[in-house]
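For reference, the chains in residue letters:
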Amino acid sequence: MTMAEPTSAGGSASDPNATKTVHSYISDLQDLIKTAQENWGLTAETQFSSDQSLAKSTKATDSANAIHPLGPVNVGRLASEFKQRIDAVRNILKTFQETTLNQASLESNLDSSLRKLLQNESKNLRAVSEVQESIKVCKALALNATKYGVARPDMIVKQIERVADDLGLNYLFDEETRSTSTLAGQLIVVDIDFDPKTYAITHVRFTRASDKGEENQVNNLLTSQLRSKDLKSFKTNLSALAKMDALYKIHSVDFYSAVKCIANDIRSIYEKEHTVCMGNTPRILLDGHGIALSDVDRVGPSIAYWTAKYNILEIDWTPFADVNLKGVDHDILRSFHRLWINIEESQGVNKFLPSDSSHYLLEDEANEDALKELYDITTSDITFSILPTPLKFIHPKANSLPSARVHFVAVLEPSVYVSDSVARALGNLAAITSRGEYRADFNERFIVNSAYEKRDNRGLALEHLLIQDAVPEPTLTALNKALSPETRWEMLFEDSTYVQVYSFENLLLTSAKKIQRIPFTHPDQVYGFTKLLRQQLVFNTLFQSCFNASSYRSTLSTMHSCFEASLAEALYSVPARVHVKIETQDPPNRIFVTLHISNGSFITLQIHIAPEDAQPYVMCHADDIQLDHARLTRILQACQNIPMLVRCILNALTGTIPMITESEAPIDVTMETDPVELNFVL
């Protein structure tokens, strides 16, 4: 009497003839929800609740800020899988109604017996499901267990076998030599060699059916991760390779070659910019297309696209003079903001290059007329570009070219908090809708604005997200209190006679999103992503330079006026205080800084972060003081730190350094200038 149908949507990969029941489909739906919740960071403690007391007592999280098309979950794919399983359940129930139920309704005794039988079967299936889940948990715990306090040496083999099973790869173990495990798909093979006595990993070899030779960088990466017993990273990388293999079975498109084309493109662009800049890598990192990386922590191409100025000043850039990055410490690369490129399922059909292609980037000697039958050719915008001439890309258009419901995806490491306006701009550039779906027409890029314009009260504001690491026990109440005008954020420099006391003055906070992945269809979109992200990161850095763990004070300020501050300074010999009010306008575009000097005068700085080059520009308005805007701009661009800029102004006012009133020739601050000494240098 089991309500079932042959496997169609979401069936078992290992047994294509398996029968799926309503219960198994519901179990699949529960697994989808559970996996999505884990990726969003939702736990029992962080589940959304309307209970305000819970919000006050529970640590605030950014989980709600991640539930959108650019979050960690491919929401378009998730919606599609939900629909497939729900449709399958409906079909089973419809068939059951038209056959068994109709027959049972004709006989009252049979109808009653059938209902009882179905109820009992449902209870039994639920009990079996719970037991199966418990067995899975126990098996997972056993794989990590120890025997008499010593881990079993062959446990790594069992763990690798489990990884292969989770990823749908065939697993083979060489019983004769007991020194090799093989994980195989349709196009990929991963051989893992280990010592047969100690089971210590000796080498990992990754090969593809269509390639000659080995992928040495991939081999080294996977080998190092298994040797260090970093199974999580190993599984992440193997999952990326297995996904390409699994999608090849469905679409017959060589996605590994497609990603390789992008790797070649970002490498070629990096070499061009490296030549133009004469090896000035920091300029490429901040202003260019970024530093091209391959198989660093994750398999495949990645781009280092930004880092803070203080980090640039601390790094030894000598090894970067080699365009091949030989000798560069990977720990340095990990300190950069990077985006890693891979593929994932999409709702729309996209075209790809033939498997024998090597570039989306149009080579200088290419014959454009010969390509126009199969491809569209576009030219990049060279505004604020390092390169003297625009780049040209080919876009597959012919029906004869490979196509699939697959797109590329840029995974951000680390994730970036952005305002809703930036999230919307990224979505427009990526050409996705609120449900993560693509428009078929490449030129008709749009996004449903309601996905980003409706304020989700369960999400944290941008300002909350930027200070949450600075506030101990950051509950929502604590974060709101920390941003109230009465809370003190203090900064004192050794060479300054002033204590800078900061307060945040905005009445309205900024709705925000946590960006972790950006789907895209063509590599010419990536540079646009990096420009938007750079502008936001500069804003975030400037904001956090005022509000951070070292400047946070848990007590509230009791001195609300310049008169009270001056009186305290005179009576108790406390350092002079300068109250600095911070206001933001349309983040990440503008920050207003107002200095309340003890003599009652004001200095107002308007900081505009230009979207074209992600650089801050300063305009100054002061009572009876003439300050040079250009010089203030150079200082802020050099240090990306508002308190340091304020310190320079205060030192100039007290005569510690010359008054900042004269325009001077621009100073190159991209490499060797120490921010701590900027007020003396500039």
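Before any of the text, the structure's been laid out above.
Because the structure is predicted, anything quoted here is derived from the model rather than measured.

(A) Here's a closer look at the overall build of the protein. A count of helices and strands for the protein gives 21 helices and 20 strands. The proportion of buried residues among the 682 residues of the protein is 49%. Of the contacts made within the protein by residues no fewer than 6 positions apart, 64% connect residues no fewer than 24 positions apart. On the protein, roughly 33500 Å² of surface is accessible, and the fraction owed to carbon and sulfur atoms is 50%.

(B) Spatial organisation of the packing of aromatic side chains. Counting across every chain of the model gives 17 aromatic pairs. When the ring of phenylalanine 320 is compared with that of phenylalanine 336, the centres are 6.5 Å apart and the planes differ by 50°; the resulting orientation is tilted. Taken as a pair, phenylalanine 320 in the loop between helix H10 (309-314) and helix H11 (330-334) and phenylalanine 336 in the loop between H11 and strand E9 (337-351) lie far apart in primary sequence, 16 residues in all. Assigned by exposure class, phenylalanine 320 and phenylalanine 336 land together as buried. Centre to centre, the rings of tryptophan 489 and phenylalanine 547 are 5.2 Å apart; their planes meet at 90°, and the pair counts as edge-to-face. Highlighted residues: tryptophan 489 in strand E13 (residues 487-492) and phenylalanine 547 in the loop between helix H17 (526-546) and strand E16 (552-556), separated in sequence by 58 residues. Using a relative accessible area of 1% as the deciding quantity, one classes tryptophan 489 as buried. For phenylalanine 547, a relative accessible area of 1% puts it in the buried group. The rings of Phe255, Phe352, Tyr360, Phe408, Phe520 and Phe529 are connected pair by pair, giving a single aromatic cluster.

(C) Broad picture of the side chain of threonine 541. Within the secondary structure layout, threonine 541 lies in helix H17. The class of threonine 541 is buried, set by a relative accessible area of 15%. Residues within four places of threonine 541 in sequence aside, it is in contact with Trp306 and Gln640.

What counts, and where the lines are drawn
Residues numbered from 1 in each chain as written. Predicted model: local features only at pLDDT ≥ 70, side-chain atom pairs only at ≥ 80, totals over all residues. Heavy atoms only, no water. Helix = DSSP H or I, 4+ residues; strand = E, 2+ residues; numbered from the N terminus. Buried < 20%, exposed > 50% of the residue type's maximum accessible area, 1.4 Å probe, protein only. Contact = heavy atoms within 4.5 Å. Areas by Shrake-Rupley, 256 points an atom, 1.4 Å probe, with all protein chains shown as cover. Phe/Tyr/Trp six-rings, centres within 6.5 Å; stacked < 30°, edge-to-face > 60°.

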